[in-house]
Structures are given as C-alpha cells and as structure tokens.
Amino acid sequence: QVQVVESGGGLVQPGGSLRLSCAASGIIFTITTMAWYRQAPGKQRELVAAITGGGKVNYSDSVKGRFTISRDNAKNTVYLQMNSLKPEDTAVYYCNVDFLNKQYWGQGTQVTVSS
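Residues numbered from 1 in each chain as written. Predicted model: local features only at pLDDT ≥ 70, side-chain atom pairs only at ≥ 80, totals over all residues. Heavy atoms only, no water.

The next subject is the overall build of the chain. A tally of helices and strands in the chain yields 0 helices and 11 strands. Starting at the N terminus, the α and β elements of the chain follow one another as β-β-β-β-β-β-β-β-β-β-β. What you see for the chain is a C-alpha radius of gyration of 13 Å, in line with the 13 Å of a compact globule of 115 residues. With the principal axes as the frame, the chain shows a C-alpha extent of 40 × 25 × 20 Å. Within the span of the chain, comprising 115 residues, buried residues form 40% of the whole. Restricting the contact set of the chain to residue pairs at least 6 apart, pairs at least 24 apart contribute 53%. Within the structure as shown, the chain displays about 6100 Å² of accessible surface, and the carbon and sulfur contribution to it stands at 48%. (Helix = DSSP H or I, 4+ residues; strand = E, 2+ residues; numbered from the N terminus. Rg over C-alpha atoms; globule rule 2.2 N^0.38 Å. Buried < 20%, exposed > 50% of the residue type's maximum accessible area, 1.4 Å probe, protein only. Contact = heavy atoms within 4.5 Å. Areas by Shrake-Rupley, 256 points an atom, 1.4 Å probe, with all protein chains shown as cover.)

Following this line, the structure appears as structure tokens:
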C-alpha cells in the first residue's frame, strides 16, 4: 500500500522561507519520480517542481531561482525548499508520486504567504 504524507506548510510573511517534506512508503523510492504540485483557490492544480530517481530536476518558470526540490533516498523523503516567498505562492501544496505508471497523492499542506 502506497502512502504519501506531506508536512511543513504554514503562514509566512512575503520574502520568507518554508521547507516542505514528503515521505513516501510502499514504493521503490530510488526509481520513483517525485513532484510537488500546488492549487490556489479558483485555479487548476499546477506542477511546481519534479525530481526523477536519478536526480534530474525541473521547475515551473514561476518558481525558478526561488524553490529547490531535493530528495533523501535513505529516508524515502522529498523536500521543497521555498525561499523569497510571494503572496501568489499561497496555495495547497501536494506531493505526487509516479510509481510504475500510477499516480499517488498526499493530502496536501497549506502554504499562506501574507503580511
């Protein structure tokens, strides 16, 4: 059974930082592509960043240079370091697991950027 659990969201002021974590179980982590998506109120869910099992990364243009995705294979965990946060980064952030051509999602964690 695949389980995906996010943590680390919260309220932060503009310009601040947060780190999200996502722990996955029930998969072979080292061959799994992990990704972060987000969904703001009234908007579609969008890809924020992704990292393959081999460590190749890609980012949406809106977060390039501010967010960093990384993984710790020993802990079956992927991270999203978010710096220079803006109000438009406010959203529910979801961890996505792409394992053997099946998609699995976490429950989401709220990130609010506001003064």
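Anyway, onward from the coordinates.
Time to look at a nonpolar patch on the surface. Together, Ile28, Ile31 and Leu100 give the surface a local cluster of nonpolar side chains, amounting to about 320 Å² of exposed area. In this fold, isoleucine 31 is placed in the loop between strand E3 (18–25) and strand E4 (33–39). (Patch = residues over 30% accessible without salt bridge, like charges linked within 9 Å, V, L, I, M, F, W, Y side chains within 5 Å. Salt bridge = Lys/Arg side-chain N within 4 Å of Asp/Glu carboxyl O.)

Counting buried positions over the 6 residues of strand E8 (residues 77–82) gives 5, a clear majority of the element. Of the pairings in the sheet, the one linking E3 to E8 comprises 6 bridges and is antiparallel in character. Bridge assignment links leucine 20 to a residue of E8, and that residue is leucine 80. For strand E7 (residues 67–72) and E8, the ladder comprises 6 bridges, and the chain directions are antiparallel. In the strand pairing of E8, phenylalanine 67 is matched with methionine 82. (Pairing = 2+ DSSP bridges.)

What follows is about the state of the cysteines. Overall, the coordinates contain 1 disulfide when judged by the stated rule. With its sulfur 2.0 Å from that of its partner, cysteine 22 forms a disulfide with cysteine 95. Looking down the S-S bond of the cysteine 22 and cysteine 95 bridge, the torsion is -80 degrees, so its handedness is left-handed. Taken together, the residues cysteine 22 in strand E3 and cysteine 95 in strand E9 (residues 91–99) connect sequence positions 73 residues apart. Each member of the pair, cysteine 22 as well as cysteine 95, is classed as buried. (Disulfide = S-S within 2.5 Å.)

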